[in-house]
Amino acid sequence: MGTTDTTKPPKDAVTGIVDDSATAVGGSWEVYSGPAVEACDRDSGGSGAAYAYTKTRGQTEGDPAKDVATVEELWKKRGISTERYESGGADPTLGVRGVGGPTGSIDFLADVRGYSIDAVSVCGDGDAADIQRDGG
């Protein structure tokens, strides 16, 4: 699921990059879900735990193209490989997705009706079921 940011546990790394991305764009963001632990397969074999985290922002007067560029620049500085995308149609929804750095995967969707940032951490040590039982 990508390289590990050894300076932070997966939960802190994923919440940090999502929060930093929201701050870079600006506006009033809310936690939609997470950080929630989920089971994953470690690159070295065996099971581990990853964290999923989503923030959203309602309708905006912002500039989706500019905001995608801002987020992409931040992610590249954090070691995330990026790829831009857009929906079809006359007024496409824009976005950028990435892998690596402090995340296993991350996605920023920029639509004038609302924005979202979804990320899943790298797969770290731990048993997801045990962490869920412990409230983590």
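Look up: the structure comes first, before these words.
Basis of the calculations
- Residues numbered from 1 in each chain as written.
- Predicted model: local features only at pLDDT ≥ 70, side-chain atom pairs only at ≥ 80, totals over all residues.
- Heavy atoms only, no water.
- Helix = DSSP H or I, 4+ residues; strand = E, 2+ residues; numbered from the N terminus.
- Salt bridge = Lys/Arg side-chain N within 4 Å of Asp/Glu carboxyl O.
- Buried < 20%, exposed > 50% of the residue type's maximum accessible area, 1.4 Å probe, protein only.
- Expected span 1.5 Å × (residues − 1).
- Contact = heavy atoms within 4.5 Å.
- Axes fitted to C-alpha atoms, helices over the stretch in contact; angles between N-to-C directions.
- Parallel < 35°, antiparallel > 145°, perpendicular 65-115°, else oblique.
- Left-handed = near helix turned anticlockwise from the far one by under 90°.
- Nonpolar A, V, L, I, M, F, W, Y, C, P; charged D, E, K, R; others polar.
- Polar contact = N/O pair within 3.5 Å; in protein donor to acceptor, adjacent residues only side chain to side chain.
- Pairing = 2+ DSSP bridges.

Participant: A description of unusual backbone geometry should follow, citing residues and the corresponding values.
Facilitator: Here the amide bond leading from Gly-34 into Pro-35 is cis, since omega sits at 0°, within 30 degrees of zero. Summarising the element assignment, Pro-35 is placed in strand β1 (residues 29-41).

Participant: Would you mind going over the pattern of salt bridges in detail, with residue names and values included?
Facilitator: A complete count under the given rule lists 8 salt bridges for this structure. For Asp-19, the salt bridge identified is with Lys-55, shortest N-O distance 2.9 Å. One end of the pair, Asp-19, is in helix α1 (residues 10-25); the other, Lys-55, is in strand β2 (residues 47-57), and 36 residues separate them in sequence. Classification of Asp-19 as partly exposed rests on a relative accessible area of 25%. Accessibility expressed as a relative area gives 13% for Lys-55, which makes it buried. Here Lys-77 and Glu-73 are joined by a salt bridge, their closest N and O atoms 3.3 Å apart.

Participant: Explain α1 to me, using residue names and the numbers behind them.
Facilitator: Between its first and last C-alpha, α1 extends 23 Å over 16 residues, near the 22 Å set by a 1.5 Å rise per residue. Considered for burial, the residues of α1 that qualify are Pro-10, Ala-13, Val-14, Thr-15, Gly-16, Ile-17, Val-18, Ser-21, Ala-22 and Val-25. Against β1, β2, α2 (64-77), β3 (80-86), β5 (103-111) and β6 (114-120) lie the buried residues of α1. Of the residues trailing α1, Gly-26 is marked for its positive phi of about 90°.

Participant: Which residues make up the packing of α1 against α2, and what values do they have?
Facilitator: Helix-helix packing is described using two parameters, namely the angle between the two axes and the distance between the axes. At their nearest, the axes of α1 and α2 sit 9 Å apart, and the two run at 140° to each other. Between α1 and α2, the angle falls in the class oblique. Viewed along their axes, α1 and α2 form a crossing whose handedness is right-handed. Contacts between α1 and α2 involve Ile-17, Asp-20, Ser-21, Ala-24 and Val-25 on the former and, on the latter, Asp-67, Thr-70, Val-71, Leu-74 and Trp-75. Residues that form the contact of α1 with α2 fall into these classes: 6 nonpolar, 2 polar and 2 charged.

Participant: Account for the side chain of Ser-21, naming residues and giving values.
Facilitator: As for its position among the elements, Ser-21 is in helix α1. Residue classification places Ser-21 among the buried residues on the basis of a relative accessible area of 0%. Polar contacts involving the side chain of Ser-21 include one to the side chain of Trp-75, which spans 2.8 Å. Non-local contacts of Ser-21, meaning those with residues more than four positions away in its chain, are made with Val-71, Leu-74, Trp-75 and Ile-117.

Participant: Describe the pairing of β1, naming the residues involved and giving the relevant values.
Facilitator: When β1 meets β2, the two strands line up antiparallel, connected through 10 bridges. Opposite Ala-36, over in β2, you have Ala-52 as the bridge partner. The hairpin formed by β1 and β2 contains 5 residues between the paired strands, and Gly-45 there has a positive phi angle of roughly 100°.

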